[in-house]
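Analysis of the macromolecular model
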Amino acid sequence: MKKLGVAVIGTGFWGRNQTRVFKELEETELLAVCDINAERAKSVAKQFNVEAYTNIGKMLRRKDVEAVSVCTWSTNLAKTVLKALQAGKHVLVEKPMATNTKQAEKLLKTAEKNELHLTVGFLMRFIPGIQHIKNAIENKTIGDLVCATAKRVSEWPERIGDVGVVKDMAIHDIDIARYLFDEEPIAVYAKTGNMKHKKFEDYAHIMLTFKSGKSTFIESNWLTPYKTRTLVVTGSKAIMKLDYISQELTIEDAKETMQPRYPWQEPLKLELQHFANCALKKEKPLITGIDGLKALKIAEAALRSSAIGKVVKLK
Ligand SMILES: NC(=O)c1ccc[n+]([C@@H]2O[C@H](COP(=O)([O-])OP(=O)(O)OC[C@H]3O[C@@H](n4cnc5c(N)ncnc54)[C@H](O)[C@@H]3O)[C@@H](O)[C@H]2O)c1
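What you see is a predicted model, and the numbers here were worked out from it, not measured in a lab.

**Some thoughts on the overall build of the protein chain**
- A tally of helices and strands in the protein chain yields 9 helices and 15 strands.
- Computed over the C-alpha atoms, the radius of gyration of the protein chain is 20 Å, within 12% of the 20 Å expected from 2.2 N^0.38 for a compact globule of 315 residues.
- Principal axes of the C-alpha set define a box for the protein chain whose edges measure 60 × 45 × 40 Å.
- Here the protein chain holds 315 residues, and 55% of them are scored as buried.
- Partitioning the contacts of the protein chain with sequence separation of at least 6, the portion at a separation of at least 24 is 67%.
- Of the roughly 15200 Å² of accessible surface on the protein chain, a fraction of 52% belongs to carbon and sulfur atoms.
- Taking the average place of the 50 positive charges on the side chains of the protein chain and the average place of its 37 negative ones, the gap between the two points comes to 5 Å.

Following this line, the structure appears as structure tokens:
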């Protein structure tokens, strides 16, 4: 089987994880890592027995590197992705994809022009329970969909210093709402603020409303001393609760409570495997650059709504 030659750019907390998974996958051949921090690049390269680079241009000149995953700081993801796309590489970019929608649009255009895959690291979509909920919505076993409530709270990981909780955390739930509802929100109202973080918001309450009358409520913060990642989806016939951490799914209807069991799977492995398979087989990925752009637009609208204290309508 042909393997996809891959490299990871940015070998911090998340890039190191990605490097491990790419090394484990049958579909990929991990060739190199790159980080502006030479020590970090060398240490990860040594651990996984690949070449270390500090100069991205030099690494991107390698013909055997066909695809890259970009895990740099959120505010320089776009600049790095643009270089990779211009060098003809397929790209998986971490969320939030870009600092603003203008940058994200440029990435989309470049990927399209160069006929390259551009996918975004919305990891939650690869948690098995999400597919169960998606199917229950599509085949209406949940009844008519009413709303979704997401909670994503924990302590502030201080290494994240360049974006706030909306673009770092709530963006996952924004993407899940778009995916499950299969519809774009028409308006957003949000209240955000900062208690510990000096520069950016560290708590956010976001409400998205949809034309069909459905709504999503997202609570995100970096103030809670324990980690919660949950989703509750309410339909007219059943309520589905997913714990993203344990991957436990609970379904309640008028008569019973059920817990369909899916074997725990590492979502990052499923995500990177999907990326590699799509690039190898030239198939459209589950998550495209457009999903990244749309989620970013909604995140920006949430921040604007909080700043002006009003509902922001979305086009
Ligand atoms: N999808 C998820 O669930 C998930 C989880 C964690 C992090 N992330 C994302 O991954 C990205 C990295 O987060 P992290 O927690 O690993 O941060 P981190 O600070 O631990 O690592 C970032 C690394 O990027 C390197 N870097 C910065 N600019 C670079 C450049 N131009 N070229 C090469 N290397 C560069 C830094 O030196 C650092 O080693 C962020 O965008 C974050 O949102 C996603």
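Moving on, there is more to tell.
**Looking at the site of the ligand**
- Around the ligand, a shell composed of 24 residues is seen, among which Trp14, Asp35, Arg40, Glu94 and Arg159 lie nearest.
- Here an oxygen atom of the ligand and a backbone polar atom of tryptophan 14 are 2.7 Å apart.
- Protein chains shield 91% of the accessible area of the ligand, which is 850 Å² for the free molecule.
- Contributions of two or more residues to the shell around the ligand are made by helix H1 (13-24), helix H4 (77-86) and helix H7 (165-181).
- For the shell around the ligand, the residue count by class is 9 nonpolar, 9 polar and 6 charged.

**Considerations on the sheet that holds strand S4 (residues 67-70)**
- Here we have 6 strands laid out as an open sheet, ordered S3-S2-S1-S4-S5-S6, and parallel in their pairing. Lying at the two open borders of the sheet, with one neighbouring strand each, are strand S3 (51-53) and strand S6 (118-120). Across the sheet, the mean angle separating the axes of adjacent strands is 25° when strand polarity is ignored.
- Pairing of strand S2 (residues 28-34) with S3, which is carried by 3 bridges, proceeds in the parallel orientation. When the bridges of S3 are listed, valine 33 appears paired with alanine 52.

**Points about the packing of H1 against helix H8 (residues 267-281)**
- Where H1 contacts H8, the two axes come as close as 10 Å, and the packing angle between them is 65°. In terms of orientation, H1 and H8 fall into the roughly perpendicular class. For the pair H1 and H8, the sense of crossing is right-handed. Of H8, the residues touching H1 (which contributes Trp14, Asn17, Gln18, Val21 and Phe22) are Leu268, Lys269, Glu271, Leu272 and Phe275.
- The residue makeup of the contact of H1 with H8, split by class, is 6 nonpolar, 2 polar and 2 charged.

**What to know about the nonpolar core**
- By size, the foremost hydrophobic cluster in this structure holds 101 residues, and its most contacted members are Val68, Leu180, Ile206 and Leu231.
- When residues in this core are grouped by element, the largest group, 11 residues, is from H7.
- In contact with leucine 231, other than residues within four places in its own chain, are Ile130, Ile133, Ala148, Thr149, Ala150, Ile176, Leu180, Met240, Lys241, Leu242 and Tyr244.

**A few points about the state of the cysteines**
- Using the criterion set out here, one finds 0 disulfides in the structure.
- You can see cysteine 34 has no disulfide; the closest cysteine sulfur is in cysteine 71, sitting 11 Å from it.

**Things to note about the sheet that holds strand S10 (residues 215-221)**
- Read from one edge of the open sheet, 9 strands run S14-S13-S12-S11-S7-S10-S9-S8-S15, paired in mixed fashion. With one partner strand each, in any of the chains shown, strand S14 (257-258) and strand S15 (312-313) form the two edges of the open sheet.
- Where strand S7 (residues 145-155) and S10 come together, 7 bridges link them in parallel fashion. Looking at S10, one finds that lysine 151 is bridged to glutamate 219.
- In the packing of H7 onto the sheet, contacts are made with S7, strand S8 (185-193), strand S9 (203-210), S10 and strand S11 (223-235), and the angle to S10 comes to roughly 160°.

What counts as what
- Residues numbered from 1 in each chain as written.
- Predicted model: local features only at pLDDT ≥ 70, side-chain atom pairs only at ≥ 80, totals over all residues.
- Heavy atoms only, no water.
- Helix = DSSP H or I, 4+ residues; strand = E, 2+ residues; numbered from the N terminus.
- Rg over C-alpha atoms; globule rule 2.2 N^0.38 Å.
- Buried < 20%, exposed > 50% of the residue type's maximum accessible area, 1.4 Å probe, protein only.
- Contact = heavy atoms within 4.5 Å.
- Areas by Shrake-Rupley, 256 points an atom, 1.4 Å probe, with all protein chains shown as cover.
- Lys, Arg positive; Asp, Glu negative; His and termini not counted.
- Charge placed at Lys NZ, Arg CZ, Asp CG, Glu CD.
- Near = heavy atom within 4 Å.
- Polar contact = N/O pair within 3.5 Å; in protein donor to acceptor, adjacent residues only side chain to side chain.
- Nonpolar A, V, L, I, M, F, W, Y, C, P; charged D, E, K, R; others polar.
- Pairing = 2+ DSSP bridges.
- Axes fitted to C-alpha atoms, helices over the stretch in contact; angles between N-to-C directions.
- Parallel < 35°, antiparallel > 145°, perpendicular 65-115°, else oblique.
- Left-handed = near helix turned anticlockwise from the far one by under 90°.
- Core = buried A, V, L, I, M, F, W, Y, C linked by side-chain atoms within 4.5 Å.
- Disulfide = S-S within 2.5 Å.

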